[in-house]
Amino acid sequence: MAFPLTAAIKFATKKEVPVHKQSIWYYMGGICMLFVVLQLVTGLLLMVHYVPSFDGAYQSVMAINNKIPFGWLIRSMHSWGANLFIATLVIHMFSTYFMKAYRSPRELTWFSGLGLIGLAMVFGFTGYLLPMDEMAFFASKVGVDVAGEAPFIGELVANFVRGGEEIGQGTINRFFLIHVCALPAALMGALGLHLLLIQIHGISEPEYFKKLSIKKYEKFFPDFIMNDMFVWGGVTLLFLAIVCLSGSCSYWY
Ligand code: HEM
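Residues numbered from 1 in each chain as written. Predicted model: local features only at pLDDT ≥ 70, side-chain atom pairs only at ≥ 80, totals over all residues.

A. Seen up close, the overall build of the protein. Helices and strands together make up the secondary structure of the protein, namely ten helices and two strands. The order of helices and strands in the protein, counted from the N terminus, is α-β-α-α-α-α-α-α-α-α-β-α. With 253 residues in all, the protein has 24% of them scored as buried. Here the analysis covers contacts within the protein between residues at least 6 apart in sequence; of these, 76% occur between residues at least 24 apart. (Helix = DSSP H or I, 4+ residues; strand = E, 2+ residues; numbered from the N terminus. Buried ≥ 20, exposed ≤ 12 C-beta atoms within 10 Å, placed from the backbone. Contact = placed C-beta atoms within 7 Å.)

Next comes the structure, spelled out in structure tokens:
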């Protein structure tokens, strides 16, 4: 077996996770990861049929909803996934905050997390314009106009993001490029750093747990990862139930 893989397996089998009454929150980061994967897969599938043009975007999205087999499902998964991803990120942020996991030596883990939540929001903003329906048009116009009101650099930023005086082809080009190229690349970098730091520092322990004379730990591999997989399965089923029971995107128009 190649050296790095052997080292990784050795590391994973040695790694331990504390077990206590707040351990449930340790699954939130894993759920965030599940949503990253779901968003990447459904986003790639949407790109097969989506046309990033001012005149063609809306028609292509309508075709995905109503003509392409299971297109409605993929689009609805991507749209629900975006919202639930942000919701899970907020839960993960607050749970790590209340467990004081941001304290030394995990400051950089926390800041890389803040970077990730910032990226998730820009994903949401740029993705919202892409269907080019009335809502998307006006929501993006308001967003860009608000940025334009910022002192000194506002106008410059707004013109750059809009790609001209008005929302149009230039805006779609920019938003599409940011959404499908720049942001995924930045996300992979920030996520790689986040996960690396978690491996370096290990999982934090709550104050009361540190003082216990007898502490319980479980092996990350295979025990914790098995629980993680169980949680991923449950969340995926719940997610699919929400997506299917909420009706297809074609009902929105
Ligand atoms: C794409 C987004 C994110 C992913 C995939 C992710 C993933 C993870 C994973 C897998 C863990 C280890 C297990 C756990 O504690 O849940 C973790 C830990 C951590 N995350 Fe995130 N995270 C993300 C965003 C954030 C955000 C927004 C913050 C806060 C601003 C944050 C702060 C932390 C901290 C401080 C830890 C260490 C927890 C500890 O040691 O107890 N993460 N993250």
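B. Here's a closer look at the packing of helix α6 (residues 134–148) against helix α7 (residues 154–162). Orientation of α6 relative to α7, taken along the N-to-C sense of each, is 150°, at an axis distance of 7 Å. Accordingly, the angle class assigned to the pair α6 and α7 is roughly antiparallel. Facing α6, whose interface residues are V144, D145, A147 and G148, α7 presents G154, E155, V157, A158, V161 and R162. Of the residues contributing to the contact of α6 with α7, the split by class is five nonpolar, two polar and three charged. (Axes fitted to C-alpha atoms, helices over the stretch in contact; angles between N-to-C directions. Parallel < 35°, antiparallel > 145°, perpendicular 65-115°, else oblique. Nonpolar A, V, L, I, M, F, W, Y, C, P; charged D, E, K, R; others polar.)

C. View of the nonpolar core. In this structure, F35, F85 and L130 are the most contacted members of the largest nonpolar core, which totals 26 residues. Put simply, the parts of the chain that give this core at least two residues each are α2 (28–49), α3 (57–66), α4 (71–98), α5 (107–129) and α8 (169–201). (Core = buried A, V, L, I, M, F, W, Y, C linked by C-beta atoms within 7 Å.)

D. Structural detail: the site of the ligand. The environment of the ligand is made up of 26 residues, and the closest members are G29, C32, A101, G113 and S204. Only α2, α4, α5 and α8 provide two or more residues apiece to the shell around the ligand. In terms of residue class, the shell around the ligand is built from 17 nonpolar, eight polar and one charged. (Near = placed C-beta within 6 Å.)

E. Summary view of unusual backbone geometry. Omega for the peptide link from S104 to P105 comes to 10°, which places this bond in the cis form. Note that P105 resides in the loop between α4 and α5. Cis rather than trans, the peptide bond between F221 and P222 has omega equal to 15°. In this structure, P222 sits in helix α10 (residues 220–245). In this structure, F70 is a non-glycine residue whose phi angle is positive, near 60°. Checked against the element boundaries, F70 lands in the loop between α3 and α4. Judged by the 11 C-beta atoms lying within 10 Å of it, F70 is exposed.

F. Expanded view of the packing of α5 against α8. Here α5 crosses α8 at 160°, and the two axes come no closer than 9 Å. The angle between α5 and α8 falls in the class roughly antiparallel. Here the hand of the crossing between α5 and α8 comes out left-handed. In terms of residue class, the contact of α5 with α8 is made up of 16 nonpolar, ten polar and no charged. (Left-handed = near helix turned anticlockwise from the far one by under 90°.)

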